[in-house]
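One-letter residues, chain by chain:
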Amino acid sequence: MALMRVAVIGAGLTGLTCASRLMRAGMDVRVFDKGRGLGGRLASRRLENGLRFDHGATYVETDDPAFLRTLEFVCARGAGTKTVWASGEAKYVGLPGMSSLVRPLAEGLPVTRRAQVTAIEWVQGEWRIFFESDTVQEQVDLVILTVPAPQAAQLAAAYPSLTSALDAVDFDPCWALMAAFDGATAHAGGDAALPESLTKLSVESDKPGRSSGASCLVAHASPEWSRAHLEEDLQTVADLLLSEVRRACTGASATPSYLSAHRWRYARTSTSLARPYLTSPDGRLFVGGDWCLGNSAEHAHASGTAMANAVLEAFSLRRRAS
Ligand SMILES: Cc1cc2nc3c(=O)[nH]c(=O)nc-3n(C[C@H](O)[C@H](O)[C@H](O)COP(=O)(O)OP(=O)(O)OC[C@H]3O[C@@H](n4cnc5c(N)ncnc54)[C@H](O)[C@@H]3O)c2cc1C
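Residues numbered from 1 in each chain as written. Predicted model: local features only at pLDDT ≥ 70, side-chain atom pairs only at ≥ 80, totals over all residues. Heavy atoms only, no water.

K.L.:
A description of the sheet that holds strand β16 (residues 278-279) should follow, citing residues and the corresponding values.
P.N.:
Strand order in this open sheet of six strands is β7-β2-β1-β11-β17-β16, and the pairing throughout is mixed. Among the strands making up the open sheet, the edge pair consists of β7 (111-112) and β16. Along the sheet face, helix α1 (residues 13-24) touches β1 (5-9), β2 (28-32), β7 and β11 (142-145) and points at about 160 degrees away from the line of β2. (Pairing = 2+ DSSP bridges. Helix = DSSP H or I, 4+ residues; strand = E, 2+ residues; numbered from the N terminus. Contact = heavy atoms within 4.5 Å. Axes fitted to C-alpha atoms, helices over the stretch in contact; angles between N-to-C directions.)

This is how it looks when you write it as structure tokens:
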């Protein structure tokens, strides 16, 4: 296949699923992400003392055969593991952290991190990609945006048909608390026992492959709580969320050895697009993400796969016509 230059913006599960498939089909693919690491909302924070927190998705579960195949591939590469819970449900976690789940997909792909895309412009028959640093300008034939819909709408502003569809997608925010306690921390019960302010309380150190002398907790605030405290500073939110955690978790009364919060402004889709991706009328721009189909990793995988298939189909049609 003749080389087609493709830029994938976003190195989360959608972007890397799409990019790896296109690379394997022979396209010249490059990936850009504004973050320091890979994985997007499949996120892990590792402290210098070795403590780890998965402050985005806690685990991944699916019954989509294609995503299951990808997860089995990831596990075979040592980057994840399957755990069957007491309820009988199979859940996958990344090893050593959730962000590792995407690492096998990124193998062989040129991924530029800390590269925040500020604009894309079609100039003289190709895309120019502009970055916050102002130092790089990439030139490609096709751009695939895999960032949350509100951020995609800013980059796709030249296409009103795309922005009106993107504006209909909605997200809930989520404040996540990360707290470490020396010694063991008992979990007071399942998610059903949580106060209304919290949707999840995860004892990170109980997850496979996370051994340390401390108990690490991650708590997710509810959409309502997160929205009410959206613009507050990290320390205030961390202190407030810790008091909420103490209502649910008996072992969290001690002073934490580490305490921090992370704000996910676009955490979980509340209104999805209800189709796997968008494309501009001229076919030069694709836009996708979990928000196309739902609010979970399996939706990100499905969107990334559907976009890659559509690009390959369009490209082979163009080749046959030429
Ligand atoms: C708190 C929380 C809990 C969750 N729990 C679960 C769960 O239990 N199970 C589950 O299946 N899913 C869960 N999810 C959802 C899951 O994490 C997402 O569905 C999935 O990771 C989305 O992948 P994505 O690639 O579509 O988007 P993202 O992971 O958001 O990737 C988008 C990427 O684009 C990058 N980016 C954004 N703007 C720019 C720019 N201008 N330039 C360059 N790069 C840019 C970002 O840095 C990011 O890496 C949770 C999410 C959160 C936040």
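K.L.:
Explain the site of the ligand to me, and be specific about the residues and the numbers.
P.N.:
Around the ligand sit 31 residues in total, of which Thr14, Asp33, Arg41, Asp290 and Ala297 are the nearest. Side-chain polar atom of Asp33 to an oxygen atom of the ligand: 2.6 Å apart, as the coordinates give it. Val117 is positioned with one of its backbone polar atoms (N or O) 2.9 Å from a nitrogen atom of the ligand. When isolated, the ligand has an accessible area of 1,000 Å², and the protein chains bury 94% of it. Secondary structure elements with two or more residues in the shell around the ligand: α1, β15 (258-271) and α8 (297-321). In terms of residue count, β15 provides more of the shell around the ligand than any other element does, three residues in total. Across the shell around the ligand, the residue classes tally to 13 nonpolar, 13 polar and five charged. (Near = heavy atom within 4 Å. Polar contact = N/O pair within 3.5 Å; in protein donor to acceptor, adjacent residues only side chain to side chain. Areas by Shrake-Rupley, 256 points an atom, 1.4 Å probe, with all protein chains shown as cover. Nonpolar A, V, L, I, M, F, W, Y, C, P; charged D, E, K, R; others polar.)

K.L.:
Let's hear about the side chain of Thr269: which residues, and what values?
P.N.:
Along the polypeptide, Thr269 turns up in strand β15. A polar side-chain atom of Thr269 sits 2.7 Å from the main-chain carbonyl oxygen of Gly294. The contact partners of Thr269, leaving out residues within four places of it in the chain, are Val169, Asp170, Phe171, Asp290, Trp291, Gly294 and Asn295.

K.L.:
Summarise the packing of aromatic side chains; cite the residues concerned and give the values.
P.N.:
Tallying each qualifying case throughout the model produces five aromatic pairs. Aromatic pair Phe32 and Phe131: ring centres 5.0 Å apart, planes at 55 degrees, arrangement tilted. With Phe32 in strand β2 and Phe131 in strand β9 (residues 126-131), this residue pair connects regions lying 99 residues apart in the sequence. Of the residues examined, Phe32 reaches a relative accessible area of 4% and is grouped as buried. For Phe131, a relative accessible area of 3% puts it in the buried group. Where Tyr277 meets Phe286, the ring centres are 5.7 Å apart and the plane angle is 35 degrees; that geometry is what we call tilted. By relative accessible area, which is 6% here, Phe286 ends up buried. (Phe/Tyr/Trp six-rings, centres within 6.5 Å; stacked < 30°, edge-to-face > 60°. Buried < 20%, exposed > 50% of the residue type's maximum accessible area, 1.4 Å probe, protein only.)

K.L.:
If you had to explain the nonpolar core to someone new, which residues and values would you point to?
P.N.:
Core analysis: the biggest nonpolar cluster contains 40 residues, and Val6, Leu16, Leu22, Met27 and Ile144 have the highest contact counts within it. Only β1, α1, β2, α2 (65-76), β6 (90-94), α3 (103-106), β11 and α8 provide two or more residues apiece to this core. Looking at this core element by element, the count peaks at eight residues for α8. If sequence neighbours within four positions are ignored, Leu22 has contacts with Val6, Met27, Val29, Ile144, Ala308, Val311 and Leu312. Judged by nonpolar contacts, the second largest core, of 30 residues, contains Trp127, Ala149, Val169 and Leu278. (Core = buried A, V, L, I, M, F, W, Y, C linked by side-chain atoms within 4.5 Å.)

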